[in-house]
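Structural description and commentary
In case you want the letters, here they are:
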Amino acid sequence: MNLLSGLFNSSLGKKFLMALTGVALVMFVVVHMVGNLQFFLGREVLNHYAHVLKSNPEILWPSRIGLLSCVIIHITMAIWLTIENRTKRLTGYAVQDAGAASLASRTMIYSGTIIGAFIVYHLLHYTVLLQSINLTGRDFSVFRDVHGQPDVYRMMIIGFSNSAVSGFYLLGVGLLCFHLSHGIWAMLQTLGLVNETYRTTIERASVIGAGLLFIGYASIPVTILTGLVK
Amino acid sequence: MNVTLKVWRQEGPETPGKFVRYAAQNLSPNMSFLEMLDTVNETITKSGEEPIAFDHDCREGICGMCSCIINGEPHGPEKKVATCQTYLRSFKDGETITIEPFRAKAFPLIKDLIVNRSAFDRIIQAGGFVSTSAGSAPDGNAIPVPKQHTDAAMDAAACIGCGACVAACKNASAMLFVSAKVSHLNLLPQGQTEKERRVLGMVEQMDQEGFGACTVTGSCEAVCPKGISLNFIAKMNRDYFGALLRGSPKATVESV
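The rules behind these values
Residues numbered from 1 in each chain as written. Chains lettered and ligands numbered in written order. Predicted model: local features only at pLDDT ≥ 70, side-chain atom pairs only at ≥ 80, totals over all residues. Heavy atoms only, no water. Domains from an automatic or database assignment. Contact = heavy atoms within 4.5 Å. Salt bridge = Lys/Arg side-chain N within 4 Å of Asp/Glu carboxyl O. Polar contact = N/O pair within 3.5 Å; in protein donor to acceptor, adjacent residues only side chain to side chain. Nonpolar A, V, L, I, M, F, W, Y, C, P; charged D, E, K, R; others polar. Core = buried A, V, L, I, M, F, W, Y, C linked by side-chain atoms within 4.5 Å. Buried < 20%, exposed > 50% of the residue type's maximum accessible area, 1.4 Å probe, protein only. Helix = DSSP H or I, 4+ residues; strand = E, 2+ residues; numbered from the N terminus. Pairing = 2+ DSSP bridges. Axes fitted to C-alpha atoms, helices over the stretch in contact; angles between N-to-C directions. Parallel < 35°, antiparallel > 145°, perpendicular 65-115°, else oblique. Left-handed = near helix turned anticlockwise from the far one by under 90°. Patch = residues over 30% accessible without salt bridge, like charges linked within 9 Å, V, L, I, M, F, W, Y side chains within 5 Å. Areas by Shrake-Rupley, 256 points an atom, 1.4 Å probe, with all protein chains shown as cover.

**Remarks on the domain arrangement of chain B**
Residues and elements named next belong to chain B.
- Each assigned domain of chain B is listed here: domain 1 (3–110) and domain 2 (118–246).
- Computed from C-alpha coordinates alone, the two centres of domain 1 and domain 2 are separated by 29 Å.
- At the interface, 17 residues of domain 1 touch 20 residues of domain 2.
- Scanning the region where domain 1 abuts domain 2 turns up zero salt bridges.
- Viewed at the interface, domain 2 and domain 1 are joined by one residue pair in polar contact (both at pLDDT 80 or more).
- Split into classes, the residues belonging to the side of domain 1 that touches domain 2 amount to 11 nonpolar, three polar and three charged.

Here it is in structure tokens:
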């Protein structure tokens, strides 16, 4: 059996592609959070980190293209599978019992859709630096620190000081972590990495890991909104 | 005890169906669910109407014929039992019980509560067997098998093919059934020769029959009357991707 036709034509193959891109995206989400948390180490550290990331286009652009490809494959497979799955039961039940299926597992396509919209906004907000959507009336692209480098620290403080922006950010990362609370263990299951010995650990680690990611991401806008860092 | 039944009645595959209410009275709480349906059917027959058609055979939980969605759950409220081993004591006196057929595109309805589960047979025909001659019973331990493999193979082989996993799944996926049938042979030495052809063939047939994909919700495992574990799905995924990466041939009769 041809590998490519096996991947794209079978239900398992599509799931496999979703899970593989899921692994890459989860790794990015973890690294991105660790990077963000340098906010708490102060302006100097955070701006230096941002400078290191952006000053190597040979690494930056392949990474961006790789991530974007993962996002596109992940979304394409999700839509494809959802459309196919919706045709598998023509008459529904009069009495529905969700049974053991968790809310997160039943709503992956919805949480995913909102996360997709959030990613677009987030990129326009902090990467493209589109002034009209940051709701502060400030142009983030002109912020410079004492070294003449982009002042990411100041951008974060001013960006998150708007409660509507922070609210949408918290909703976005909240749904992302909700998505991952099922997604992490489901992707390992799809890749065949779950067995009897590790299953409980993996299921719990998935929920706890998603919770820790939420705390990590949410800590920054919450700290700024409550005025703990100015 | 007395209960009210709300039963899906449909004369045939093409005719529209509807729920019909029946009063079931003077029942013993120790009657099985199917015995209760028998009693109701007697009354219906005496009144000159068509009795409720439902699947059943052994009535001791091993044949996989009985089905039904009882109050939204395949095989009713009790865990790890089929409808035949569900007793009226699991319901409240005076309760209204909704009984529906298993719903899936791959399980077309035949009549009332009976659906056609032949799709499962065709999946088995696509690889759920061992082609070698089994011969007479071998000496014990002549073929070494790790204890954990025999245990897991027995757990997988416990699948009675009732289709509750498909009925419970939001995608009508047959992954739990297929993974049990793939695993119980793929775990044993006799199944190794055809391991890859088996998993590729059975998954391909599963897709062709119109079952959905797995979202790992775990609802199949929760309703399975034999407690088949999701771990078998992970094992089947491993076998499938191994076979895919090694480029094993498709399972067709010609290639055997």
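Here the narrative resumes.
**Comments concerning the nonpolar core**
- Formed by 124 residues in total, the largest nonpolar core has its most connected members in B:Leu5 and B:Phe211.
- For this core, the leading source of residues is helix α8 (residues 163–190) of chain A, giving 10 residues.
- Among the domains, domain 1 (3–110) and domain 2 (118–246) of chain B are the pair contributing at least three residues each to this core.
- Look past the residues within four positions of B:Leu5 in its chain and what remains in contact with it is B:Val20, B:Arg21, B:Tyr22, B:Met36, B:Leu37, B:Val40, B:Ile97 and B:Ile99.

**A word on the sheet that holds strand β2 (residues 18–24) of chain B**
Residue and element names in this part refer to chain B.
- Taken together, five strands build an open sheet; the order of strands is β2-β1-β5-β3-β4 and the sheet is mixed. Both edges of this open sheet fall to β2 and β4 (73–74), since each of them pairs with a single strand only.
- Across seven bridges, strand β1 (residues 3–9) lies against β2 in antiparallel orientation. In the sheet register, Thr4 faces β2, and the bridge partner there is Ala23.

**Some details on the pattern of salt bridges**
- Taken as a whole, this structure holds 16 salt bridges over all chains when the rule is applied.
- The salt bridge partner of B:Glu194 is B:Arg197, with a shortest N-O separation of 3.5 Å.
- On the accessibility criterion, B:Arg197 (22% relative accessible area) is partly exposed.
- Taken together, the shared-partner salt bridges in this structure form one network comprising A:Arg199, A:Glu203 and B:Glu221.

**Points about the packing of helix α5 (residues 175–186) of chain B against helix α6 (residues 195–208) of chain B**
All names here are of chain B.
- For the pair α5 and α6, the least separation of the axes is 10 Å and the interaxial angle reads 165°. By the angle class used here, α5 and α6 are roughly antiparallel. Between α5 and α6 lies a crossing of right-handed hand. For the pair formed by α5 and α6, the contact residues are Met175, Val178, Lys181, Val182, Leu185 and Asn186 on the first element and Lys195, Arg198, Val199, Met202 and Met206 on the second.

**Let's talk about the interface of chain B and chain A**
- The interface of chain B with chain A comprises 52 residues on the first partner and 40 residues on the second.
- Seen at the junction of chain B and chain A, the total is one salt bridge.
- Counting every contact that joins chain B to chain A gives 20 residue pairs in polar contact (both at pLDDT 80 or more).
- Listing elements by their share of the side of chain B that touches chain A, those giving two or more residues are β5 (96–100), α4 (164–168), α6, α7 (219–223) and α8 (231–246) of chain B.
- Considering only residue class, the side of chain B that touches chain A consists of 27 nonpolar, 15 polar and 10 charged.

**Section: a nonpolar patch on the surface**
Residue and element names in this part refer to chain A.
- A contiguous nonpolar patch, built from Val120, Leu124, Val128 and Leu130 and spanning about 310 Å² of accessible area, is present on the exposed surface.
- Its location among the elements puts Leu130 in the loop between α6 (108–126) and α7 (152–160).
- Among the residues examined, Leu130 registers a relative accessible area of 34% and is labelled partly exposed.

**Examining unusual backbone geometry**
Residues and elements named next belong to chain B.
- The phi dihedral of Cys68 is positive, around 75°, even though this residue is not glycine.
- Following the sequence through the fold, Cys68 ends up in the loop between α1 (33–46) and β3 (69–70).
- According to the relative accessible area criterion, Cys68 is buried, its value standing at 2%.
- The phi torsion at Asn71 lies on the positive side, around 50°, for a residue other than glycine.

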